[in-house]
Structures are given as C-alpha cells and as structure tokens.
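Letter by letter, the chains look like this.
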Amino acid sequence: MHDIRKISVMENIHDENDHIAVHINEELTEKGIFAVNVMGAPGVGKTTALKNLIANLKALKSYVIEGDIESDIDAQALRALGIKAFQINTFGACHLDAPLVHNAVRNLDFDGEGILFIENVGNLVCPAEFSIGEHCKLLICTVTEGSDKPYKYPLAFEKADLILLNKVDLLPHVDFDEAFFMKGLRALNRTAPVIKVSGKTKEGFAEAADWISGRAAEQGTATHGHSHSAL
Ligand SMILES: Nc1nc2c(ncn2[C@@H]2O[C@H](COP(=O)(O)OP(=O)(O)OP(=O)(O)O)[C@@H](O)[C@H]2O)c(=O)[nH]1
Ligand SMILES: [Mg+2]
C-alpha cells in the first residue's frame, strides 16, 4: 500500500515538472535560445567547461544559469569574465527542477538569441531525472572518477546527448580504463559523442562548442554567428 502511494506522488511531481519544462522550452525556442542542461558530479569541471565552451562560442551570445545548493561562487566567477549569469540556490535540493529554472529564465535579461547553459547541482544521479526545459543534456565526467561510472550511475549516461570526458591531462596519473568506460557507456547510449577535454590544456573544447552550435542551428535557435563559429 505504501509503495503504491509513493509512486503515484512521484508521478504527479514529474508530470507537473514536465509540463512546466515544455513551457520553458517553448519560451526559449521562441526567443532563439538553445538551452543546455549541464550535468555531472561535484567538481568534475562543469564551471571550468562552461568558461572554455563560451570562449569557443564567441560568435554567439552565451547566458548561464548556475544551480548550487548554496553560494554564488560559480556565478561570480562567470560574471568576472563578463558572462551574464543568474544564480539559483536550492538550499538542500540535489537537482534543479523546472519551476526553479522557469523563475530564473524570467529573471535573465536575454539581449538576443544565443546559448543558455544551465549548470545543474553537482550530482550524478538526481539531475538526470528532471527535465528543466533544455534542448540537450550535456554530461561531464572525468578520468579521475573511475571508469566504472556508467555501470553504477546509468541514467545520466543513458540520457546524455553529448558527453565530455574531462581532466584528460591527468590520465598519466590515474588508472582510467577507457575501453571499460566506453563499453559500459555504449551499452546505455549508442549515439552521444564522447569528446575528451581538458580545462588545463583546453583541448577538445573547440570541437565540443562546434557540436553545440551545430545542434542549436539544427534546432533553428541561436543561428546568428553559427557559420562563423563553424569555420
Ligand atoms: N587537472 C584538471 N583540473 C581541472 C580540470 N577541469 C577542472 N579542473 C579543476 O577541478 C576543480 C573543480 O572544477 P569546477 O569547474 O569548479 O567543477 P564543477 O563541476 O563546476 O564543481 P561544482 O560546481 O562544485 O559541482 C577546480 O579546481 C578546477 O580547476 C581539468 O581538465 N584538469
Ligand atoms: Mg560549478
């Protein structure tokens, strides 16, 4: 009896969330904004990746919504680089949801079409369960987390449209079994490209930025400057 009730409550929460997420997606698409839900465990390099992706997307406007349980450290770091960033604090919740993002989208002063990166709360589990109005899901993982993560935390890997394997500069110092990682990942997700990147050497971010701007152009959003960034 208990279990049955719990499932129906969760279904209601997801239905309500998804309803708002569809609305956010429509609003953003209308504005020419392509939204990327950036997911990954704490400290994998989400904010560092955003700085590097945005630097490679210079021909397009970029906006950021930062999701953290507490603090505005990440939003401040991005603003210091001249990036328009809005901070959400969840004060305990381990993921962003559509109502929180809807409020942030209303507060963000978009001055033209472009890419909206939404950095989710650092967590490899819960963010994958909630749609927040994004056009694509970007999963960031690292060689330092271990190569067994697709096997242990499947949903994020299954749902990702693009995967960045970060911190490859540290490969000589860690035992990362790439074949094992890819085998686990491809059992869940056959299509998402996996791009090796490093926030230290900057490798891989130009390719990742091109993938994002290409997807945005396909979607019909953030088309200004796409041809330039693809050069
Ligand atoms: N060696 C190395 N360090 C990196 C790389 N990318 C990020 N870091 C470092 O990893 C730490 C965490 O990076 P962040 O970008 O703050 O990670 P995050 O995922 O945004 O962290 P949270 O928002 O707290 O979940 C920082 O000390 C970064 O300098 C990388 O490619 N190589
Ligand atoms: Mg961060």
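Residues numbered from 1 in each chain as written. Chains lettered and ligands numbered in written order. Predicted model: local features only at pLDDT ≥ 70, side-chain atom pairs only at ≥ 80, totals over all residues.

Structural notes on the overall build of the protein chain
In terms of helices and strands, the protein chain carries nine helices and seven strands. At 17 Å, the protein chain has a C-alpha radius of gyration in line with the 17 Å of a compact globule built from 231 residues. Taking the principal axes of the C-alpha coordinates as reference, the protein chain spans close to 55 × 45 × 35 Å. Sorting the 231 residues of the protein chain into buried and exposed places 44% on the buried side. The contacts of the protein chain with a sequence gap of at least 6 include a subset with a gap of at least 24, amounting to 76%. (Helix = DSSP H or I, 4+ residues; strand = E, 2+ residues; numbered from the N terminus. Rg over C-alpha atoms; globule rule 2.2 N^0.38 Å. Buried ≥ 20, exposed ≤ 12 C-beta atoms within 10 Å, placed from the backbone. Contact = placed C-beta atoms within 7 Å.)

Considering unusual backbone geometry
The backbone phi angle of Ser 71 is positive, close to 80°, even though this residue is not glycine. As for its position among the elements, Ser 71 is in the loop between strand S2 (61-68) and helix H3 (73-79). By the C-beta count within 10 Å, which is 11 here, Ser 71 ends up exposed. In the Ramachandran plot, Lys 202 falls in the positive-phi region, its phi being about 75° despite a non-glycine side chain. Tracing the backbone through its elements, the reader meets Lys 202 in the loop between strand S7 (194-196) and helix H8 (205-219).

So, the site of ligand 1
With respect to spatial proximity, 17 residues lie near ligand 1, and among them Gly 45, Lys 46, Thr 48, Gly 122 and Gly 199 are the closest. Element by element, the count of residues in the shell around ligand 1 is highest for helix H2 (residues 46-56), at three residues. Of the residues belonging to the shell around ligand 1, the class tally is three nonpolar, nine polar and five charged. (Near = placed C-beta within 6 Å. Nonpolar A, V, L, I, M, F, W, Y, C, P; charged D, E, K, R; others polar.)

Points about the sheet that holds S2
The strand order across the open sheet built from seven strands is S3-S2-S4-S1-S5-S6-S7, with neighbouring strands paired in parallel fashion. Strands with a single pairing partner mark the edges of an open sheet, and in this sheet they are strand S3 (84-89) and S7. Averaged over all adjacent pairs, the angle separating strand axes in this sheet is 20°, with direction ignored. Its contacts with the sheet put H2 on strand S1 (33-39), S2, strand S4 (114-119), strand S5 (136-142) and strand S6 (162-166), and the angle it makes with S4 is roughly 170°. (Pairing = 2+ DSSP bridges. Axes fitted to C-alpha atoms, helices over the stretch in contact; angles between N-to-C directions.)

As for the pairing of S3
Examined bridge by bridge, S2 and S3 share six bridges and lie parallel to one another. Bridging from a neighbouring strand, Asp 68 pairs with Asn 89 of S3.

Brief notes about the environment of Ser 213
The topology assignment puts Ser 213 in helix H8. Each C-alpha atom of the pair Ser 213 and Gly 114 lies 9.1 Å from the other, and the pair is 99 residues apart in sequence.

Observations regarding the nonpolar core
One recurring pattern in soluble globular proteins is that nonpolar side chains are buried together. Judged by nonpolar contacts, the single largest core of 62 residues is most densely connected at Leu 53, Val 101, Ile 115, Leu 116, Ile 118, Leu 138 and Leu 139. At six residues, S1 tops the list of elements feeding residues into this core. Discounting residues that sit within four places of it in the chain, Val 101 has contacts with Ile 24, Ile 65, Leu 96, Ile 118, Ile 132 and Gly 133. (Core = buried A, V, L, I, M, F, W, Y, C linked by C-beta atoms within 7 Å.)

A short note on the confidence of the model for the protein chain
Residues at a pLDDT of 70 or more form 92% of the protein chain, whose mean pLDDT is 93. Across residues 227-231, confidence stays below pLDDT 50; counting only partners more than four residues off in sequence or on other chains, it has ten contacts. (pLDDT = per-residue confidence, 0-100.)

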